[in-house]
Amino acid sequence: MAPKILLVNPPVYDFAAYDFWLKPYGLLSVAGFLRGKADFKLFDYLDRLHPFMAQIKEFQSDRWGRGRFYCEKIPNPPPLSNIPRHFRRFGLPRRMFKDFLSRTAPCDFALVQTTMTYWYPGVTEVIEDIRKFQPQAKIILGGNYVTLCPSHAKKLGADLLITADNLEPLWQFINITPDLNQPPLWEIYNRLNAGVLKLSDGCPFSCTYCSVPKVYGKFKPRSLQRALAELQLLLKLGAENIAFYDDALLYKANEVLTPFLEDTLKRSIKVNLHTPNALNARFITSELAKLIVKAGFKTFYLGFESVSSQWHQATGPKVLSDELAGAVEHLIAAGAAAGNITAYQILGHPAIDIQQLEASMRFVNKLGIRGMLADFSPIPGTPDGELCRKYADLNEPLFHNKTAFPVILLGFDETNRLKDLQRKLNRTLPK
Ligand code: B12
Ligand code: SF4
């Protein structure tokens, strides 16, 4: 008999959370490799198309498939008690999972997605409920938190931890031979209006605040055929919006993104494409801008971080000011709406003294595009994360929280002043 596998995407405990095309992509990818070889059930706490959230107007999607989650206010956890913001639990109510577990036939394995390191309280809650209602199930954790904080994750009491993309221990544990050509198990959702794609792994850069180079190594393209099959599956299931989760989507575009988009154009595929994970403006030539706009890219998030060349020298030069300006010019000339182009700048980076953050925000505003402050999350094991140990105990992942860390580094008033300034600058732009 095929083993019964429960897939769980936990709730989020945080100051803020928004469905910015959040999908448990690693979990769905692993389940896809086991397609046809196991009997799956899914409980996704963050599924806004679940009947509980879908019926409420407040949680409906915007035109690009994003939206708010159901949430409940809860007390701040003790390590974050000094952060003067409300803490919340985002996602379906816990009782629904308990009901689901008690109605579901006993499962052999439970695969649980872990995402941001500081979201581990949601994972703890899920483990507690599975242990109570499905005590026979072997619990397996995988994803970012387990990869970046393995010793902390061990304490949560799961039966197996899968770090990074080394899935061998998983196949041995569940005793199934995977089919690695299969796309993620998107059909497990009853309804879908947004999906995710990834055309590559890794990144050729080595920014000192980022874990990707260490965890995933250098850039490696994924199979184009498999990505095209995945897109077809997503479209068949009703997805109208696709977010790319690549770390370096535009790197070696001639070999990876361009052939993918040319194929979709040849097949006259109509879908809205998005890049919540920053694009590298350096690679946006006039030609590439024309192609991505023609192929259906609707929102453009560009990584900028700072106007300061000194800051870029210190952190790994990614995008210089003239490269950002050139990219914006090419995108607008190709027909992208300026209002849908956003540049990210880090707020709360430990080298803020050389970052010239206000000048960076004003520079972005002069280009006529929106700025967004990307709150800094100190990641243990990265050079910049390690610098932050003098401000916070990074062995407690709650201190990696992106809302908390800028407040710890800069203070509440200064953090608010910079956020207000960003809002004011954005308001000067035409709607
Ligand atoms: C996509 C992405 C996002 C998306 C959302 C992702 C989501 N679902 O929530 C967006 C753009 C919204 C986002 C936002 C942010 N992100 Co982000 N993001 C990523 C990215 C690129 C991929 C994460 C992901 O979904 N991986 C899953 C898929 C794509 O991975 P995969 O390799 O195919 O999965 C394989 C294995 O990993 C494994 N696996 C994965 N999951 C599972 C689960 C199980 C059960 C098993 C068995 C195996 C398994 O098997 C898979 C198949 O081989 C990572 C970097 C990276 N490359 O990992 C950063 C990353 C997770 N983000 C990071 C950061 C800093 C942020 C922000 C704080 C940035 C900012 N300042 O705004 C915000 C925080 C958002 C918030 N609300 O708090 C950090 C982590 C920070 C932390 N403390 O945890 C990372 C690691 C990047 C970095 N800088 O180092 N992010
Ligand atoms: S370019 Fe992006 S993914 Fe690559 S190392 Fe820098 S921050 Fe990380």
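Here, the structure is the one placed above.
Keep in mind it's a predicted model, so treat the numbers as computed, not measured. (Residues numbered from 1 in each chain as written. Chains lettered and ligands numbered in written order. Predicted model: local features only at pLDDT ≥ 70, side-chain atom pairs only at ≥ 80, totals over all residues. Heavy atoms only, no water.)

> What is the right way to read the overall build of the protein from this model?
Of the regular secondary structure elements, the protein holds 17 helices and 16 strands. Taking 431 residues into account, the globule formula puts the C-alpha radius of gyration at 22 Å, and the protein, at 21 Å, falls close to it. Along the first, second and third principal axes, the C-alpha atoms of the protein reach 60 × 55 × 40 Å. For the protein, the proportion of its 431 residues judged to be buried stands at 55%. For the protein, the separation between the mean place of its 52 positive charges and that of its 41 negative charges on side chains is 4 Å. (Helix = DSSP H or I, 4+ residues; strand = E, 2+ residues; numbered from the N terminus. Rg over C-alpha atoms; globule rule 2.2 N^0.38 Å. Buried < 20%, exposed > 50% of the residue type's maximum accessible area, 1.4 Å probe, protein only. Lys, Arg positive; Asp, Glu negative; His and termini not counted. Charge placed at Lys NZ, Arg CZ, Asp CG, Glu CD.)

> Could you clarify how one ought to interpret the site of ligand 1 in this entry?
Taken together, 38 residues surround ligand 1, and among them Tyr118, Asn144, Ser211, Asp247 and Asp375 come closest. Between ligand 1 and Tyr216 there is a distance of 3.0 Å, counted from an oxygen atom to a side-chain nitrogen or oxygen. In the environment of ligand 1, a nitrogen atom lies 3.0 Å from a nitrogen or oxygen atom belonging to the side chain of Ser377. Breaking the shell around ligand 1 down by element, the ones donating at least two residues are helix H1 (25-33), strand S6 (109-114), strand S7 (138-143), helix H8 (212-216) and strand S16 (370-375). Considering each element in turn, the shell around ligand 1 owes the most residues, four residues, to H1. In terms of residue class, the shell around ligand 1 is made up of 20 nonpolar, ten polar and eight charged. (Near = heavy atom within 4 Å. Polar contact = N/O pair within 3.5 Å; in protein donor to acceptor, adjacent residues only side chain to side chain. Nonpolar A, V, L, I, M, F, W, Y, C, P; charged D, E, K, R; others polar.)

> Is there a simple way to think about the sheet that holds S7 in this case?
Within a sheet, each strand pairs with its neighbour through backbone hydrogen bonds, oriented either parallel or antiparallel. Reading across from one edge, S3-S1-S6-S7-S8 is the order of the five strands in this open sheet, with parallel pairing throughout. A strand with exactly one partner marks an edge of an open sheet, and here the two such strands are strand S3 (39-44) and strand S8 (160-162). Here the strands of the sheet are splayed against their neighbours by 20 degrees on average, with no regard to which way each runs. As defined by bridge partners, strand S1 (residues 4-9) adjoins S3 across six bridges and the pair is classed as parallel. Following the sheet pairing, Ile5 is matched in S3 by Phe40. Contacts between H1 and the sheet are confined to S1, S3 and S6, with S6 contributing the most and set at about 145 degrees to the helix. Sitting on the sheet, helix H3 (residues 94-103) is in contact with S1 and S3, with an inclination near 165 degrees to S3. (Pairing = 2+ DSSP bridges. Axes fitted to C-alpha atoms, helices over the stretch in contact; angles between N-to-C directions. Contact = heavy atoms within 4.5 Å.)

> Please explain the sheet that holds strand S13 (residues 272-274) as it appears in this structure.
In space, the six strands of this open sheet follow the order S9-S12-S13-S14-S15-S16, with parallel pairing throughout. Lying at the two open borders of the sheet, with one neighbouring strand each, are strand S9 (194-197) and S16. Taking each pair of neighbouring strands and ignoring which way they run, the sheet shows an average axis angle of 25 degrees. In the sheet, strand S14 (residues 297-303) pairs with strand S15 (residues 341-347) via four bridges, with the strands oriented parallel. Pairing of Tyr301 across the sheet is with Thr342, part of S15. Against the sheet, helix H9 (residues 224-236) engages S9 and strand S12 (241-244), with an angle of about 175 degrees to S9. Relative to S15, helix H14 (residues 357-366) is tilted by about 180 degrees, and along the sheet it contacts S15 and S16.

> Looking at this model, I keep getting lost on the packing of helix H10 (residues 257-266) against helix H11 (residues 286-295). Mind explaining?
A pair of packed helices is characterised by two quantities: the angle between their axes and the separation of those axes. Direction vectors running N to C along H10 and H11 enclose 40 degrees, while the axes themselves pass 10 Å from each other. Classed by the angle they form, the pair H10 and H11 counts as oblique. As H10 packs across H11, the resulting crossing turns out to be left-handed. Within the contact between the two elements, H10 uses Leu257, Thr258, Leu261, Glu262 and Leu265 and H11 uses Leu288, Leu291, Ile292, Lys294 and Ala295. Considering only residue class, the contact of H10 with H11 consists of seven nonpolar, one polar and two charged. (Parallel < 35°, antiparallel > 145°, perpendicular 65-115°, else oblique. Left-handed = near helix turned anticlockwise from the far one by under 90°.)

> Any chance you could explain the environment of Leu279 here in plain terms?
Here Leu279 lies in the loop between S13 and H11. We classify Leu279 as buried; its relative accessible area is 4%. Expressed as a C-alpha distance, the spacing of Leu279 and Glu72, which sit 207 residues apart in the sequence, is 33 Å.

> Explain the packing of aromatic side chains to me, please; I cannot follow it from the model alone.
Two aromatic rings are characterised by how far apart their centres lie and by the angle between their planes. Overall, the coordinates contain 27 aromatic pairs when judged by the stated rule. Ring geometry for Tyr209 and Trp311: centres 5.9 Å apart, planes at 25 degrees, overall stacked. One end of the pair, Tyr209, is in the loop between strand S10 (200-201) and H8; the other, Trp311, is in helix H12 (residues 309-315), and 102 residues separate them in sequence. Residue classification places Tyr209 among the buried positions, given a relative accessible area of 11%. A connected cluster of aromatic rings, assembled from ring pairs, spans Phe20, Trp21, Tyr301 and Tyr344. The ring of Tyr189 carries Lys23 above its face, with NZ or CZ at 5.3 Å from the centroid. Its guanidinium or amino end placed over the ring of Tyr216, Lys198 lies 5.5 Å from that ring's centre, counting from NZ or CZ. (Phe/Tyr/Trp six-rings, centres within 6.5 Å; stacked < 30°, edge-to-face > 60°. Lys NZ or Arg CZ within 6 Å of the ring centre and 35° of its normal.)

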